Amino acid sequence: MRKDSAVADDRPPRARHRLPKPSRQTTPEEELMRALYREHAGPLLAYVLRLVAGDRQRAEDVVQETLIRAWKNAGQLTGATSVRPWLVTVARRIVIDGHRSRQARPQEVDPAPLDVIPAEDEIDKALWLMMLSDALEDLTPAHREVLVETYFKGRTVNEAAEVLGIPSGTVRSRVFYALRSMKLALEERGVSA
């Protein structure tokens, strides 16, 4: 290592890494926070690391949030004989709340793959419905009403027979002939099966 006069630092190694002393007086809450951090941050981090399965970033976030809550509740903590049980309980609850919120929220995914999936064309659907409506108009009213009741309203043959006031055998027969007529009407319009 070269020692130039411009880069030489004659201070001892430990003195180079010290932070400058604050220029103002610290409050009791700040002193409490510094003492809490010095005394409890290490053991609290080790405890939280076990709770979050070794995820150091999450563990550090939980410890930071725990210490922020301790700072916000400094008035309650100043008279306590031992603060660590309170800190451990708060940290555990933060981890539990984080786990619950991730379970309640759907997993986020990258929307980029959706850009390459072709979207359903609404024009084709609208044209198909228009052609289907035209083909239904070509049917007799009796055939049209049995198709509407069975296919479009989803009724069974017996339910359609009850609604239309005709025997179920007649409904079956009309559905058969209506579907045949519908197929021919669609073929005339250029739709093949």
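Located above this text is the structure these notes cover.
Rules and cut-offs
- Residues numbered from 1 in each chain as written.
- Predicted model: local features only at pLDDT ≥ 70, side-chain atom pairs only at ≥ 80, totals over all residues.
- Heavy atoms only, no water.
- Helix = DSSP H or I, 4+ residues; strand = E, 2+ residues; numbered from the N terminus.
- Buried < 20%, exposed > 50% of the residue type's maximum accessible area, 1.4 Å probe, protein only.
- Contact = heavy atoms within 4.5 Å.
- Areas by Shrake-Rupley, 256 points an atom, 1.4 Å probe, with all protein chains shown as cover.
- Expected span 1.5 Å × (residues − 1).
- Arc of directions from axis to C-beta.
- Salt bridge = Lys/Arg side-chain N within 4 Å of Asp/Glu carboxyl O.
- Core = buried A, V, L, I, M, F, W, Y, C linked by side-chain atoms within 4.5 Å.
- Patch = residues over 30% accessible without salt bridge, like charges linked within 9 Å, V, L, I, M, F, W, Y side chains within 5 Å.
- Lys, Arg positive; Asp, Glu negative; His and termini not counted.
- Charge placed at Lys NZ, Arg CZ, Asp CG, Glu CD.

Peer 1: Which parts of the structure should I look at to understand the overall build of the protein chain?
Peer 2: Of regular secondary structure, the protein chain possesses nine helices and zero strands. Residue burial in the protein chain is summarised as follows: out of 193 residues, 22% are buried. If you take every contact in the protein chain between residues at least 6 apart in sequence, the share linking residues at least 24 apart comes to 56%. For the protein chain, the accessible area works out to roughly 14900 Å², and carbon and sulfur atoms hold 54% of it.

Peer 1: Would you mind going over helix H3 (residues 56-72) with me for this structure?
Peer 2: Since there are 3.6 residues in each turn of an α-helix, residues three or four apart along the chain are aligned in direction. Between its first and last C-alpha, H3 extends 24 Å over 17 residues, near the 24 Å set by a 1.5 Å rise per residue. Looking only at H3, the buried set comprises Ala59, Val62, Val63, Thr66, Leu67 and Ala70. Along the axis of H3, the buried positions cluster into a sector of 130 degrees, meaning they face one direction only. Every exposed residue of H3 that faces more than 90 degrees away from the buried side is listed here: Gln57 and Lys72.

Peer 1: Any chance you could explain the pattern of salt bridges here in plain terms?
Peer 2: Should the charged atoms of two oppositely charged side chains come close, the side chains can pair. Scanning the model with the defined rule gives five salt bridges in all. A salt bridge links Glu149 to Lys153, with the nearest nitrogen and oxygen atoms 3.3 Å apart. Put simply, Arg155 and Glu149 hold a salt bridge, and the shortest N to O gap is 2.1 Å. Judged by its relative accessible area of 7%, Glu149 falls in the buried class. In this structure, a network of salt bridges that share partners links the residues Glu149, Lys153 and Arg155.

Peer 1: Is there a simple way to explain the nonpolar core in this structure?
Peer 2: Nonpolar side chains in soluble globular proteins tend to be buried together. Membership of the largest hydrophobic core comes to 19 residues, with the highest contact counts inside it found for Leu36, Leu44, Val48, Val62, Val63, Leu67 and Leu87. If you list the elements that add at least two residues to this core, you get helix H2 (28-51), H3 and helix H5 (84-104). In terms of residue count, the dominant contributor to this core is H2 (six residues). Setting aside anything within four residues of it in sequence, one finds Leu87 in contact with Leu36, His40, Leu44, Thr66, Leu67 and Ala70. Judged by nonpolar contacts, the second largest core, of 15 residues, contains Ala135, Leu136, Leu147 and Ala161.

Peer 1: Would you mind showing me how to read a negative patch on the surface here?
Peer 2: On the surface, a cluster of negative charge is made up of Glu120, Asp121, Glu122 and Asp124. Checked against the element boundaries, Glu122 lands in helix H6 (residues 122-138).

The values reported here are purely geometric and, on their own, carry no functional implication.
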